[in-house]
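Inside the fold
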Amino acid sequence: QVQLVESGGGLVQPGGSLRLSCAGSGSIFSIYAMGWYRQAPEKQRELVARITSDGSTNYADSVKGRFAISRDNAKNTVYLQMNSLKPEDTAVYYCNLEDPVADYWGQGTQVTVSS
């Protein structure tokens, strides 16, 4: 099985920055698209950013220009740089590996944006 572990979340003031990391193991990492999702209480999990195996990226409109996804295949790691954070960014952030057979998810890391 693929194992994904997120880290880097925490409490930050509006306008601040955080960098999330997702470390993967147990599978061939470089051939898969990876994504960051988030889920706020009582809301559906939503896609935040996605990066393909060749480095192409997509972002939700709500974070475009503020967040940046990147990957280091040699380290089996994907990152999410989050700048200009807003209270509405508060959520649990999950790392996803897009396996056509079965997606894999990390345990999530909490991001709280509050003054």
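Please refer to the structure placed before this passage.
Residues numbered from 1 in each chain as written. Predicted model: local features only at pLDDT ≥ 70, side-chain atom pairs only at ≥ 80, totals over all residues. Heavy atoms only, no water.

Quick notes on the pattern of salt bridges
- Considering all chains together, one arrives at 4 salt bridges under this definition.
- With a shortest N-O distance of 2.9 Å, aspartate 89 and arginine 38 are connected by a salt bridge. Note that aspartate 89 is positioned in the loop between strand E8 (77–82) and strand E9 (91–97) and arginine 38 in strand E4 (residues 34–39), a separation of 51 residues in sequence. Judged on exposure class, the residue aspartate 89 and its partner arginine 38 are both buried.
- Exposure remark for aspartate 89: the relative accessible area of 1% places this residue in the buried category.
- One connected set of salt bridges, linked through shared partners, spans Arg38, Glu46, Arg66 and Asp89. (Salt bridge = Lys/Arg side-chain N within 4 Å of Asp/Glu carboxyl O. Helix = DSSP H or I, 4+ residues; strand = E, 2+ residues; numbered from the N terminus. Buried < 20%, exposed > 50% of the residue type's maximum accessible area, 1.4 Å probe, protein only.)

Here we look at the sheet that holds strand E7 (residues 67–72)
- Across the sheet, which stays open at both edges, the 4 strands sit in the order E1-E3-E8-E7 with antiparallel pairing between neighbours. Either end of the sheet is taken by a strand with one partner, and the two such strands are strand E1 (3–7) and E7. Sheet twist, expressed as the average angle between the axes of neighbouring strands with direction ignored, equals 15°.
- Direction of pairing for E7 relative to E8: antiparallel, over a ladder of 6 bridges. Residue pairing in the sheet places aspartate 72 in a bridge with threonine 77 of E8. (Pairing = 2+ DSSP bridges. Axes fitted to C-alpha atoms, helices over the stretch in contact; angles between N-to-C directions.)

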